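Tertiary structure, described
So you can see what is in the structure, the chains are spelled out below.
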Amino acid sequence: MMSSKVRVRFAPSPTGPLHIGGVRTALYNYLFAKQQGGDFILRIEDTDSQRFVPGAEEYIIEALTWLGLNFDEGTHAGGQYGPYRQSDRKHIYKEYVDILLNKGAAYMAFDTPAELDAKRSEIENFQYDASTRGLMKNSLTLSKEEVQALIDKGENYVVRFKIEPNEDITVDDLIRGKVVINSSELDDKVLFKSADNLPTYHLANIIDDHLMEISHVIRGEEWLPSAPLHVLLYRAFGWTDTMPKFTHLALLLKPDGKGKLSKRDGDRLGFPVFPLLWTDPKTQEVSSGYRESGYLPSAVVNFLALLGWNPGNDQEIMSMEELIKLFSIERCSKSGAKFDFEKGKWFNHQYIQATSNQELAKLFEPILQKEGVNAKIEYIETVVGLIKERANLIPDLWDQSSFFFKAPDSYDEKVVKKRWKEDSSAQISELSDVLNAISDFSAHNQEEIVKQWIEDKGYHLGNIMNAFRLAIVGESKGPHMFDITATIGKEETLNRLKTAISKIEYKA
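Residues numbered from 1 in each chain as written. Predicted model: local features only at pLDDT ≥ 70, side-chain atom pairs only at ≥ 80, totals over all residues. Heavy atoms only, no water.

Focus on the sheet that holds strand E3 (residues 106–109)
The strands that make up a sheet pair up through hydrogen bonds in the backbone, lying either parallel or antiparallel. Pairing is antiparallel across the open sheet formed by four strands, whose spatial order is E3-E4-E7-E8. Strands at the two margins of the open sheet, each flanked by one partner only, are E3 and strand E8 (198–199). Bridge analysis of strand E4 (residues 158–161) against strand E7 (residues 190–193) gives three bridges, and the strand direction is antiparallel. For Arg160, the partnering residue across the bridge sits in E7 and is Val190. (Pairing = 2+ DSSP bridges. Helix = DSSP H or I, 4+ residues; strand = E, 2+ residues; numbered from the N terminus.)

What follows is the structure, encoded as structure tokens:
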């Protein structure tokens, strides 16, 4: 008997990096399991040895761990339903293949690739099914003696599922309701290959879900056409009473145009489609990742959760705890969600604002070190607090704050022409004297004294402050001017003013 506990699995194949669509599938499984007090399981489906990519399994685990999707059971977490890697479960599947063969629900097919190709050229839209299996070389058309002779000779064979024609098969889907597909549309799928003694996805998937007592299968809609086959397999094994409930999630779509989101879309429009940076072990091609691009994991989770699901209210910013509380399969969309990568940046911006300066400083520190900057963490925290509202991604922190760590070595030509007036050098020299006389160099005190000096002298406030910013920053950007000078300190401020006076030339 299956337990009544909710148990869901995320079951990727280690054939490369984890696509962001796969991440969303894992997230929905996780949210559903945690809300129901259930278990979230990682199973690695590596029966396709031809497509196996070294490092892909480790990548999947690292990516989901970074996002906070922690597994209760899995290849790395253990559990009482293991092994959790299909290649470690080889010994299990043959027993179930024999059950289907003995029941007459499956048969052995000895057709060679050349014979299959010949039949495809002979019969238009050929499919190995009830209408063609009688023309082929299999255990339904050969005698027992002939079959045994082929096996004894070591001939390779596959085991195919025997699907009877003209039966309406109903798949109960928690998002789409009842989906009915006629069995005549299905071919006799290969379940097992003698060449490597491994099952195909369809058989291993069903057996593993049954033995691991999976209660709900939540997966992408690309698997919906396979669902009738899976229903038939559950029936053939006599497991219909414990068959999991199915949910097929709508696809993530291109930001523009039609079709499924692909890596090419990310390359073309400049956004990642993988959670972490990935280097292809064969080609050494590097693909960007959300982590390395400067996204916070909580922002990625929040963004992805709302691509195909809505909480039933207008709330957009939600913690993992809130997502778990509000999530429901019923509120998942039947139609695909356009991947709005600009909205993803918006989410990240919101999360950066909500993250403590201390935490952001730690994330910023490696970027500073790469730029040759060694600064005290307290100083970095102060800087981050002043500029984080201008950042969408973590690398933006450097773009917005480099002048806090390095004096400008050049001055923006356009800004010089617009902001550096004929009398700017003389006025900035005077300003330097005013600042030099200030003992309390706090932002508030500087501002009061400088503004009073400008008023007393009858200078134009905008002209002074624009030239002041150019001299300190090198361009016209940055937070409040006196916050900058208070942070870099009096000595550095005076040095920069002196350098600017000697380097910047007025351009009429």
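The discussion continues.
Examining the pattern of salt bridges
Summed over all chains, the structure comprises 38 salt bridges. Arg268 is paired through a salt bridge with Asp256; the nearest N and O atoms lie 3.0 Å apart. Placement of the pair is Arg268 in helix H8 (residues 263–269) and Asp256 in the loop between strand E11 (252–253) and H8, with a sequence separation of twelve residues. A relative accessible area of 47% places Arg268 in the partly exposed class. Asp256 gets classed as partly exposed once you look at its relative accessible area, which sits at 34%. One continuous salt-bridge network, built from bridges that share partners, spans Arg9, Arg43, Glu45, Arg89, Asp208 and Asp209. (Salt bridge = Lys/Arg side-chain N within 4 Å of Asp/Glu carboxyl O. Buried < 20%, exposed > 50% of the residue type's maximum accessible area, 1.4 Å probe, protein only.)

A few points about the packing of aromatic side chains
Counted according to the given criterion, the structure contains 25 aromatic pairs. Consider the rings of Phe303 and Phe339, whose centres lie 5.3 Å apart with planes at 70°: the pair is edge-to-face. Remark: Phe339 occurs in the loop between strand E14 (337–338) and helix H12 (341–354) and Phe303 occurs in helix H10 (residues 297–305); sequence separation between them is 36 residues. By relative accessible area, which is 5% here, Phe303 ends up buried. Phe339 gets classed as buried once you look at its relative accessible area, which sits at 0%. One cation-aromatic arrangement involves Lys94 over Phe192; the distance from NZ or CZ to the ring centre is 5.9 Å. The residue whose ring lies beneath Arg160 is Tyr128, and the NZ or CZ to ring-centre distance is 3.8 Å. (Phe/Tyr/Trp six-rings, centres within 6.5 Å; stacked < 30°, edge-to-face > 60°. Lys NZ or Arg CZ within 6 Å of the ring centre and 35° of its normal.)

Considerations on the nonpolar core
If you look at the biggest cluster of nonpolar residues, it comprises 108 residues, and the most contacted ones within it are Phe339 and Phe468. Considering each element in turn, this core owes the most residues, nine residues, to helix H1 (residues 20–35). Excluding residues within four positions of it along the chain, Phe468 makes contact with Ile428, Leu431, Leu435, Met481, Phe482, Thr485, Thr493 and Leu497. Counting residues in hydrophobic clusters, the runner-up holds 43 residues, among them Ile169, Leu203, Leu229 and Leu233. (Core = buried A, V, L, I, M, F, W, Y, C linked by side-chain atoms within 4.5 Å. Contact = heavy atoms within 4.5 Å.)

What about the environment of Arg89?
Take Arg89: it is sitting in the loop between helix H2 (56–66) and helix H3 (90–103). Taking the relative accessible area as the measure of exposure, Arg89 reaches 2% and is therefore buried. A distance of 2.8 Å separates a polar atom in the side chain of Arg89 from the backbone oxygen of Pro83. (Polar contact = N/O pair within 3.5 Å; in protein donor to acceptor, adjacent residues only side chain to side chain.)

Some details on the packing of H10 against H12
For the pair H10 and H12, the least separation of the axes is 9 Å and the interaxial angle reads 135°. Between H10 and H12, the angle falls in the class oblique. Considering how the two elements wind past one another, H10 and H12 form a crossing that is right-handed. Contacts from Ser298, Ala299, Asn302 and Phe303 of H10 reach H12 at Phe341, Lys343, Gly344, Phe347, Asn348 and Tyr351. When its residues are assigned to classes, the contact of H10 with H12 shows five nonpolar, four polar and one charged. (Axes fitted to C-alpha atoms, helices over the stretch in contact; angles between N-to-C directions. Parallel < 35°, antiparallel > 145°, perpendicular 65-115°, else oblique. Left-handed = near helix turned anticlockwise from the far one by under 90°. Nonpolar A, V, L, I, M, F, W, Y, C, P; charged D, E, K, R; others polar.)

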